[in-house]
Amino acid sequence: MPFGNTHNKMKLKYTAEQEYPDLSQHNNHMAKVLTPEMYANLRDKETPSGFTLDDVIQTGVDNPGHPFIMTVGCVAGDEETYDVFKDLMDPVIEDRHGGYKPTDKHKTDLNPDNLQGGDDLDPNYVLSSRVRTGRSIRGFCLPPHCSRGERRTIENLSIETLASLEGDLKGKYYALKNMTEEEQQQLIDDHFLFDKPVSPLLLASGMGRDWPDGRGIWHNDNKTFLVWVNEEDHLRVISMQKGGNMREVFNRFCTGLTKIEDLFKERGHEFMWNEHLGYILTCPSNLGTGLRAGVHVKLPNLSKHEKFGEILKRLRLQKRGTGGVDTAAVGGVFDISNADRLGFSEVELVQMVVDGVNLLVDMEKHLEAGESIDDMMPEQK
Amino acid sequence: MASSFTRVISGRNTAVMLAMGAGTLTSGYLLSNSTEAAERRKCYPPSADFPDLRKHNNCMASALTPSIYARLKDKSTPNNWTLDQCIQTGVDNPGHPFIKTVGMVAGDEETYEVFAELFDPVIKDRHNGYDPRTMKHPTDLDASKITSGFFDERYVLSSRVRTGRSIRGLSLPPACTRAERREVERVVVTALAGLKGDLAGRYYSLGEMTEREQQQLIDEHFLFDKPVSPLLTAAGMARDWPDARGIWHNNEKNFLIWINEEDHTRIISMEKGGNMKRVFERFCRGLKQVEHLIQERGWEFMWNERLGYVLTCPSNLGTGLRAGVHVRLPLLNKDPRFKKILDNLRLQKRGTGGVDTAATGDIFDISNLDRLGKSEVELVQLVIDGVNYLIECEKRLERGQDIKIPSPVPQFRK
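- Going by an unreviewed UniProt entry, chain B carries the name Creatine kinase S-type, mitochondrial and comes from Amphilophus citrinellus.
- Quoted verbatim from the Sequence similarities (unreviewed entry) field of the UniProt record, the comment on chain B reads "Belongs to the ATP:guanido phosphotransferase family."
- What UniProt records for chain B under Function (unreviewed entry) is the sentence "Reversibly catalyzes the transfer of phosphate between ATP and various phosphogens (e.g. creatine phosphate). Creatine kinase isoenzymes play a central role in energy transduction in tissues with large, fluctuating energy demands, such as skeletal muscle, heart, brain and spermatozoa."

- As named in an unreviewed UniProt entry, chain A is creatine kinase, taken from Amphilophus citrinellus.
- In its Catalytic activity (unreviewed entry) section, the UniProt record describing chain A reads: "creatine + ATP = N-phosphocreatine + ADP + H(+)".
- What UniProt records for chain A under Sequence similarities (unreviewed entry) is the sentence "Belongs to the ATP:guanido phosphotransferase family."

If you want it as structure tokens, here you go:
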């Protein structure tokens, strides 16, 4: 229920042309796709929970974007958004996810045994390994649209479910609004704490409402498995550890996720998923696996090589600074992760990261030794 | 408290989920039945949605009880504006221990009626006991009634009067659609084009102005920018920026109108020096002419006897008027009685950057505290008399004479 959009029927008094947003300065996927005609066709629709076209696109209207960075510019308020507004969402998804068609099927594979290798990324170069994804609980509205009651229910369900985890997954929940100063400092030191979003991309969609009500962080005692509740998605699930054993990280990730899913099912809830879009999340960019598997890796020589960008592109990898998205690299250390989310399974994406990072580290070693890497150039994956 | 309740709800949800899940797992990838989702939403009683206001310090949080929330939660104005939308800004912005913000906004004129059970106590709290249920607000824009409206310009550097006006029949900035906002722009800009003589001027649309025009407007301190305050953005008034926003000013640059910023319109009359009477005279004349010009086309301003002029924020009801000066008070501002003198005169000091800024040097922005319950003429006269008193104090201190704290100005007419 973001601002002013519950009165969708009232808006229909005005013509589509009178209501059509000015997108002339805009550079995002929504703006590229939303023609006046499409706006006219979709504007009288609503999902069953009342999410409207203007709700979907508000963040893209309010944030024209950047000439160099193409943001998505639209969000889902519930599972049905992707269906009711498919005329908009399908081309946005196709554009964002490398040509993924409305008829394509997405494969889900969370069997860690299918991963080959991955336990021996060179720890002299690979400082840490991490896998994250998101999950939405079917039947509830997503963060842009959920009521306080829904958000609290999601929180309570999550607390109950996570409290049942055992063994190396046993842990504790910290509600954002109740934590002590000490707990807060500890979570900051562990790099676990998330804060109220400040990015206008997120705020304009309504996901910052009622902060910090219903938000919290759960992590296991070993601090290797972490769940964010009600931040940008219902759940964000993170497995991480120092060093290069991505296999172990992925193993824990799959085991933990599967266990959580089973526990939710025992309580009569399931995750939003379908065979076309995979796991349903708030932002279309996170559909499919919602998975970002990455490492912090030292590549001081390779990063200066003129072909670095091309190599990453061929390996279907993406670089970021070690602060995460939109940060710069510090001391030659980069965050390298999969660029794709949809159209490849979890195992396939993690395999790409494992194989790709192995090659990057190999290239780094060659450059260190003064050798050329010209005959090591990979094929486009 | 909330957790046991939601456990009950999740129990009920379980039944609904299972019913939905069994059917849809095998049939396509949609949640098929649209009424199921609507039913699901009804599973939440008002107490499940009642906001957590324990850390909050604003007028809304002081007035909103669970039972008021329960009674008003399912109501909406004819434009479908709801209670949750009114209070979102107050939920998202807990406030400051020293500064009590209002914490709620109106989406349209009817908001103040439909949600009167919450707005009336908030109005009473904010406007010093003004009771909309029993009192009437006086409107008086007859500038000829003003006396002694020319300040000593050795002290007063500039004089200014501002207010807001809303166009009846169109939703307010938190709620308006793009088409409505564009309509406000069209109605007002068309009317302003009819102003003549010393009021004749020009409109600059925010989205279309040239770099040069923009720089000119910044240099003149006329340009307003996209709100960054979370108090405003949480209320939704920055949506679609800068669509249908703009600035109009007359050629003499002493009469200025902001369109679709925090209100439909903000009207400002100002000039250097101490001729507050002339500033107010131009203010009233301009306002009346604009009102006449929109009436010719079948529009009018939102106004009623209870609340005066209706604006987005309850703090601006009544006159919506802030009359103020930039004044030098180097000795008085160091006197420990300064604050009490201001309080008794019903005046407020701000820095010269406006609200929430600090004073530079010894120059202060001094203006009326009140908006509702006194007319425009009364408030401007109060500012004139009060500032004259402050200047008199400053002069006495210059001469080494003592000053007195004046007795408090009476509250309302009755």
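After that view, the rundown keeps rolling.
A short note on the side chain of R371(B)
Inference 1: Tracing the backbone through its elements, the reader meets R371(B) in the loop between β10 (363–368) and α14 (376–398).
Inference 2: Within polar-contact distance, the side chain of R371(B) engages the backbone oxygen of N368(B) at 3.1 Å.

A closer look at the confidence of the model for chain A
Inference 1: Mean pLDDT over chain A stands at 93; residues scoring 70 or higher make up 96%.
Inference 2: Ignoring residues within four places in sequence, the model shows residues 1–5 of chain A, a span with pLDDT below 50, making 30 contacts including any to other chains.

A few points about the packing of aromatic side chains
Inference 1: Tallying each qualifying case throughout the model produces 14 aromatic pairs over all chains.
Inference 2: Centre to centre, the rings of F50(B) and Y69(B) are 5.5 Å apart; their planes meet at 80 degrees, and the pair counts as edge-to-face. Here F50(B) is found in the loop between α3 (46–49) and α4 (59–63), whereas its partner Y69(B) is found in helix α5 (residues 66–72), with 19 residues between them in sequence. Pair check on accessibility: F50(B) and Y69(B) agree, each one buried.
Inference 3: Members of the aromatic cluster, each reached through a chain of ring pairs, are F194(A), W211(A) and W228(A).
Inference 4: Taking the ring centre of Y279(A) as reference, the NZ or CZ of R135(A) above it sits at 3.4 Å.
Inference 5: The ring of Y309(B) has R165(B) lying over it, and the distance from NZ or CZ to the ring centre is 3.4 Å.

Some points on the sheet that holds strand β4 (residues 255–259) of chain B
Residue and element names in this part refer to chain B.
Inference 1: Read from one edge to the other, the open sheet built from 8 strands follows the order β2-β3-β4-β5-β1-β8-β10-β9, with strand pairing classed as antiparallel. Here the strands that pair on one side only, and so sit at the sheet edges, are β2 (201–205) and β9 (347–350). Ignoring which end each strand starts from, the neighbouring axes of this sheet average 20 degrees apart.
Inference 2: Most of the contacts of helix α9 (residues 178–192) go to β4, to which it runs at about 165 degrees, and overall it touches β2, β3 (246–250), β4 and β5 (265–272).
Inference 3: Its contacts with the sheet put helix α12 (residues 276–296) on β1 (156–165), β4, β5 and β8 (322–328), and the angle it makes with β1 is roughly 20 degrees.

Considerations on the nonpolar core
Inference 1: Residues M246(A), I336(A) and L360(A) are the most contacted members of the largest nonpolar core, which totals 61 residues.
Inference 2: The dominant element in this core, judged by the number of residues it contributes, is helix α13 (residues 346–368) of chain A, at 11 residues.
Inference 3: Core analysis: the second largest hydrophobic core is formed by 60 residues, V161(B), A191(B), L195(B) and I259(B) among them.

About the criteria used
Residues numbered from 1 in each chain as written. Chains lettered and ligands numbered in written order. Predicted model: local features only at pLDDT ≥ 70, side-chain atom pairs only at ≥ 80, totals over all residues. Heavy atoms only, no water. UniProt positions renumbered as here; feature names shortened; annotations may be inferred. Helix = DSSP H or I, 4+ residues; strand = E, 2+ residues; numbered from the N terminus. Polar contact = N/O pair within 3.5 Å; in protein donor to acceptor, adjacent residues only side chain to side chain. pLDDT = per-residue confidence, 0-100. Contact = heavy atoms within 4.5 Å. Phe/Tyr/Trp six-rings, centres within 6.5 Å; stacked < 30°, edge-to-face > 60°. Buried < 20%, exposed > 50% of the residue type's maximum accessible area, 1.4 Å probe, protein only. Lys NZ or Arg CZ within 6 Å of the ring centre and 35° of its normal. Pairing = 2+ DSSP bridges. Axes fitted to C-alpha atoms, helices over the stretch in contact; angles between N-to-C directions. Core = buried A, V, L, I, M, F, W, Y, C linked by side-chain atoms within 4.5 Å.

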